[in-house]
Amino acid sequence: MRVRWAVVAVGCLAVAGMGFVVLKNNVVYLDPVSEAVADKADGRTRIGGAVVPGTIDGREGAVAFEMTEGGVVMDVVHEGSPPDLFEACAPVVVEGRWAGNTFESDRLLIRHGNEYEPPDGESYDDCPDAGDGSG
Amino acid sequence: MRSALGYLAIAVGTAGSVLGIATLGAGLHLRRDSLLRAGRRYVGVVFVAAICAFAIMESALFAHDFSIKYVAGNVARATPGLYTFTAAWAALEGSILLWVLALTGYLAVTTWHFRARATDPLVAWATIVALGVTLFFFALMLGPANPFEELSRVPVDGTGPNPLLQNHPLVAFHPPMLYLGYVGFTIPFSFAVAALITGRFGEGWLADVRRTTLVAWAFLTVGIILGAWWSYEVLGWGGYWGWDPVENASLLPWLTGTAFIHSVMVQERRGMLRVWNISLVLATFCLTILGTFLTRSGVVESVHSFSESSIGPWLLAFLGVVALGCVALISWRADKLRSPGRIDSPVSREAAFLVNNLLFAGFALVVLTGTVFPLLAEAFQDRRLTVGEPYFERMGVPIGIALLFFMAVGPLLPWRATSGDVLRRRLLVPAWVGAITLVVLVVAGADGVAQVVAFSLGAFALTSIGRTVVIGIRARRRARAESVPVAAVRMVRGNTRLYGGLIVHVGVVLVAVALAASQGYVVKREVTLTEGESATVRGYTLTYLGTEIDRSPQKTTVKALVDVEGLGEYAPAISTFPNSRGGIGTPSVHTGFREDLYLTLISSPNETGTVTLGVQVNPMIVWLWIGGGVMVLGTIVALIPARRRSRVPVTSESPESPDSELVEAVEVAT
């Protein structure tokens, strides 16, 4: 009986360890642009910021634009069509990997208006007014 | 006026809960049956108070009584009647009210059911516990989540519900079903706690709560499936499950609840797994509270974050108290909970149930870890992160496949022990069918290991269920000359629990196959078309015909009219609502038994007149909904009281070699 329990315990530990590794490999951090640019993390990352007006290039299929937060600007290339609400100053979250100084995104989400604001009241008020030569 | 009346109803409910608990407590302490009988009457008071509060809320919504903050925030004059009705649970305060209504309803039915046992301490304690939970939720509405809070300045018009909650009639069904599921687990929880307190943790309390547990489980199943359907038909991202924290929150109690429904049978049969069963019930309840916390406190980012609120800490504190209380109770009773029986053989029904339970519990642990990990990381590391879908898939798929295997094998194993001979005979046909399916799929070049394994196990499971049914019918027909349908119906009526369970298993197989196919073989394209232009995706030829715009005070809808050759006209759309900047996409779906064609409008026509359409071909999705329906049907069958068991006489012709099929038919059915 003792032996059987030991086997069960070892099995559980092995499964838990495996689970932890899988978990660790699939964690995607969500950072604001300023931190993300400072870190340039290796794996898959999510970055939140606002679309800089006048930088949107392309629409259907792929889009390149600049994203800003905390006074830092970064280049994003997104594979796929952005959603309808993608526009200058839109609060967006991109998910993907860094390739040099450009962030290659394959998932682009719009943070919705007031009712979807992140709980900690994070804001992207560095975004210039949409009136300034928006694209 | 309404505000005052509504608040009064809530106050009455709160007071009723307190008085009920006090009276029952005094009755138990003083051993006075009259007090116990009086105490249970407060359940009626509480139920009526909840009904009144809910009715007042509905009347306020329909009367556009914007002096009430909740009404002003969730209904506009332009909101259609259906969504005015459903606005009662469109935001936090109202959904707590619906929660309380469901809870007191369950409690009232339970109290009525046990009216003859009102003086039984087990029932009295269970009532106290359930009233305690009711009290907590009433108190929430009395304080931090008052649905009848007044506005000092009454607006001319309200803002209307969140766009997502006024875009599809499913809002009338998905949340209430889920709540009926969540809340229903309060009753088994109350009885489990009562069993621990009274020390009567034999098998009696299990029989008392079996039906309620099944009802709650069925509602939760329906709620989850409807949620998936809503996600698919309304949200328009092309999927039905995204491992969203709130989706996970509904899956967690479902997993532990399902484990309980199975392990209960081991305890009823063999008196084993007592601690485990009680723990499962307690855990299921805790997980429903955790689910409410995740859904309603705004701590996680989710498509369900309809409300931010201040009740988060309250729910967390309640969860903490309940969880600590449970652990304390169990450890207090630990030595008495020791089960008399033990597992004789690793190849037996009870061993299969045990493995099934470990798998369910493991699954729950995997989902729980992935769901709360971001919260912990944010709390302790101050970093925001999400756990990617691959984590859930990589961990969940093997567990799901193992569960499918044990689901197929479990019902074939006899209790206690099995001889290799019996096992071989029972598994022969199903195993061959499974193996042949596997070979055919591999030869045909089917993609995906998980898919091929899931389909083969599905075939294995279906055959083994079919075999059980055929043998049962044959045995009846041999014993008394009944026609096949009559024999089938009488067989099911004679043991609704077994055959109801097998029907549920058929539903599970359908769901599993649909999940595997739709996850593995989806085709996803984006096409950009000008008016009159066509494109072909996977054999479907789509022609963009033009745009139609519908304007109503509630919303403005832009539809792209798309002709699909041979199927007709479809119109994926994007709606914008006056109270929100965002647009809400509405997919247009052609549903088929083999596959769905799923069209979404990604970007509405621009200056040059082109639209971008999302085109997805999703195989076998419809079987997900059908499978869900079959699961519910099976649960309903299992809930029907079995006819007085008319046993098939086991008088075999030759005593030295008893007819194995007949023996099996009797054995499986017991």
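Residues numbered from 1 in each chain as written. Chains lettered and ligands numbered in written order. Predicted model: local features only at pLDDT ≥ 70, side-chain atom pairs only at ≥ 80, totals over all residues. Heavy atoms only, no water.

## A short note on the environment of alanine 76 of chain B
Residue and element names in this part refer to chain B.
Then, in step 1: Its location among the elements puts alanine 76 in the loop between α3 (69–74) and α4 (81–86).
Then, in step 2: Under the relative-accessibility criterion, alanine 76 is labelled buried at 12%.
Then, in step 3: Spatially, the C-alpha atoms of alanine 76 and leucine 61 are 9.2 Å apart, while their sequence positions differ by 15 residues. (Helix = DSSP H or I, 4+ residues; strand = E, 2+ residues; numbered from the N terminus. Buried < 20%, exposed > 50% of the residue type's maximum accessible area, 1.4 Å probe, protein only.)

## Looking at the packing of aromatic side chains
All names here are of chain B.
Then, in step 1: Tallied over the entire structure, the rule returns 24 aromatic pairs over all chains.
Then, in step 2: Consider the rings of tyrosine 232 and tyrosine 598, whose centres lie 4.6 Å apart with planes at 45 degrees: the pair is tilted. You can see tyrosine 232 sitting in helix α9 (residues 204–235) and its partner tyrosine 598 sitting in strand β10 (residues 595–603), a full 366 residues away along the chain.
Then, in step 3: In this structure tyrosine 232 comes out as buried when scored by relative accessible area, which is 0%.
Then, in step 4: An angle of 40 degrees between the planes, with centres 5.9 Å apart, marks the rings of phenylalanine 353 and tryptophan 415 as tilted. Taken as a pair, phenylalanine 353 in helix α13 (residues 349–381) and tryptophan 415 in the loop between α14 (389–409) and α15 (420–443) lie far apart in primary sequence, 62 residues in all. (Phe/Tyr/Trp six-rings, centres within 6.5 Å; stacked < 30°, edge-to-face > 60°.)

## Some thoughts on the nonpolar core
Nonpolar side chains tend toward joint burial in soluble globular proteins.
Residue and element names in this part refer to chain B.
Then, in step 1: Phe137, Phe189, Phe191, Trp205, Trp254, Leu282 and Trp625 are the most contacted members of the largest nonpolar core, which totals 147 residues.
Then, in step 2: Built from parts of two domains, this core gets at least three residues from each of domain 1 (1–167) and domain 2 (436–521 + 624–669).
Then, in step 3: Phenylalanine 191 has contacts with Thr110, Phe114, Leu122, Val123, Ala126, Trp205, Asp208 and Val209, leaving out every residue within four places of it along the chain. (Core = buried A, V, L, I, M, F, W, Y, C linked by side-chain atoms within 4.5 Å. Domains from an automatic or database assignment. Contact = heavy atoms within 4.5 Å.)

## Some thoughts on the packing of helix α16 (residues 449–479) of chain B against helix α18 (residues 496–520) of chain B
Residue and element names in this part refer to chain B.
Then, in step 1: Put simply, α16 and α18 touch, their axes get as near as 9 Å, and they point 160 degrees apart. One finds that α16 runs roughly antiparallel with respect to α18. Handedness of the crossing formed by α16 with α18: left-handed. Residues Gln451, Ala454, Phe455, Gly458, Ala461, Leu462, Ile465, Thr468, Val469 and Gly472 of α16 form the contact with α18, whose own contacting residues are Tyr499, Leu502, His505, Val506, Val509, Val513, Ala516, Ala517, Gln519 and Gly520.
Then, in step 2: Grouping the amino acids of the contact of α16 with α18 by side-chain chemistry returns 13 nonpolar, seven polar and no charged. (Axes fitted to C-alpha atoms, helices over the stretch in contact; angles between N-to-C directions. Parallel < 35°, antiparallel > 145°, perpendicular 65-115°, else oblique. Left-handed = near helix turned anticlockwise from the far one by under 90°. Nonpolar A, V, L, I, M, F, W, Y, C, P; charged D, E, K, R; others polar.)

## Considering the domain arrangement of chain B
Residue and element names in this part refer to chain B.
Then, in step 1: Entries for chain B in the domain assignment read domain 1 (1–167), domain 2 (436–521 + 624–669) and domain 3 (523–619).
Then, in step 2: Between domain 1 and domain 3, the C-alpha centre-to-centre distance is 43 Å.
Then, in step 3: The partner domain 3 presents ten residues to the ten residues of domain 1 that form the contact.
Then, in step 4: Three residues stand out in domain 1 for area buried against domain 3, namely Pro163, Gln166 and Asn167, and they jointly supply 63% of the buried area on that side.
Then, in step 5: Our count for the domain 1 to domain 3 interface comes out at zero salt bridges.
Then, in step 6: Linking domain 1 to domain 3 there are zero residue pairs in polar contact (both at pLDDT 80 or more).
Then, in step 7: Split into classes, the residues belonging to the side of domain 1 that touches domain 3 amount to six nonpolar, four polar and no charged. (Buried area = accessible area lost by both parts, 1.4 Å probe. Salt bridge = Lys/Arg side-chain N within 4 Å of Asp/Glu carboxyl O. Polar contact = N/O pair within 3.5 Å; in protein donor to acceptor, adjacent residues only side chain to side chain.)

## Some points on the confidence of the model for chain B
Residue and element names in this part refer to chain B.
Then, in step 1: Confidence in the prediction for chain B averages 88 pLDDT; 93% of positions are at 70 or higher.
Then, in step 2: Low pLDDT (under 50) marks residues 648–658, which in the prediction has 13 contacts with non-local residues, meaning those over four places away or in another chain.
Then, in step 3: Scored as a whole, the predicted complex attains pTM 0.88, and scored at its interfaces, ipTM 0.71. (pLDDT = per-residue confidence, 0-100.)

## Quick word on the side chain of threonine 635 of chain B
Then, in step 1: When you line up the elements, threonine 635 of chain B lands in helix α19 (residues 622–639).
Then, in step 2: What threonine 635 of chain B contacts, discounting residues up to four positions off in sequence, is Leu214, Trp217, Ala218 and Val504 of chain B.

## Some thoughts on the pattern of salt bridges
Then, in step 1: Counted according to the given criterion, the structure contains 16 salt bridges over all chains.
Then, in step 2: Note that glutamate 95 of chain A is salt-bridged to arginine 107 of chain A, the shortest N-O span being 3.3 Å. Pair noted here: glutamate 95 of chain A is in strand β5 (residues 91–99) and arginine 107 of chain A is in strand β6 (residues 102–110), with a separation of twelve residues, a long-range link.
Then, in step 3: A relative accessible area of 7% means that glutamate 95 of chain A is categorised as buried.
Then, in step 4: The salt bridge involving glutamate 482 of chain B is made with arginine 490 of chain B; its shortest N-O contact spans 2.9 Å.
Then, in step 5: Residue classification places glutamate 482 of chain B among the buried residues on the basis of a relative accessible area of 9%.
Then, in step 6: One salt-bridge network, held together by shared partners, links Arg44, Arg46, Glu95, Asp106 and Arg107 of chain A.

## Focus: unusual backbone geometry
Then, in step 1: A positive phi angle, near 45 degrees, is found at lysine 40 of chain A, a position not held by glycine.
Then, in step 2: Here lysine 40 of chain A is to be found in the loop between α2 (33–39) and β2 (45–51).

## Some details on the environment of alanine 249 of chain B
Residues and elements named next belong to chain B.
Then, in step 1: Take alanine 249: it is sitting in helix α10 (residues 245–270).
Then, in step 2: Of the residues examined, alanine 249 reaches a relative accessible area of 1% and is grouped as buried.
Then, in step 3: Each C-alpha atom, one on alanine 249 and one on threonine 418, is 39 Å from the other, the two residues being 169 residues apart in sequence.
Then, in step 4: In contact with alanine 249, other than residues within four places in its own chain, are Tyr182, Gly291 and Leu294.

## Some remarks on α10 of chain B
Residue and element names in this part refer to chain B.
Then, in step 1: With 26 residues, α10 extends 37 Å between its outermost C-alpha atoms, agreeing within 8% with the 38 Å of an ideal straight helix rising 1.5 Å per residue.
Then, in step 2: The sharpest bend along α10 reaches about 25 degrees and sits at histidine 262.
Then, in step 3: Of all the 26 residues making up α10, 23 are buried; the element is thus mostly covered by neighbouring parts of the structure.
Then, in step 4: Where α10 begins, one side-chain oxygen reaches toward the backbone nitrogen of valine 246, 2.8 Å away; that side chain belongs to aspartate 244.
Then, in step 5: Following α10 by one or two positions, glycine 271 adopts a phi angle in the positive range, close to 70 degrees. (Expected span 1.5 Å × (residues − 1). Bend = angle between axes of the 7 residues up to and from the residue.)

## Focus on the sheet that holds strand β11 (residues 610–619) of chain B
All names here are of chain B.
Then, in step 1: In spatial order, the strands read β2-β11-β10-β9; together these four strands make up an open sheet with antiparallel pairing. Each end of this open sheet is capped by a strand with a single partner; those strands are β2 (523–530) and β9 (588–590). Strand-to-strand, the axes of this sheet are offset by a mean angle of 20 degrees, without reference to chain direction.
Then, in step 2: Pairing geometry for β10 and β11, over eight bridges, is antiparallel. Across the sheet, the residue bridging to leucine 601 is leucine 613, located in β11. (Pairing = 2+ DSSP bridges.)

## Some words on the state of the cysteines
A covalent bond between the sulfur atoms of two cysteines is referred to as a disulfide.
All names here are of chain B.
Then, in step 1: Counting across every chain of the model gives zero disulfides over all chains.
Then, in step 2: In this structure cysteine 286 is a free cysteine whose sulfur lies 4.5 Å from that of cysteine 326, the closest cysteine sulfur available.
Then, in step 3: Residue classification places cysteine 286 among the buried residues on the basis of a relative accessible area of 13%. (Disulfide = S-S within 2.5 Å.)

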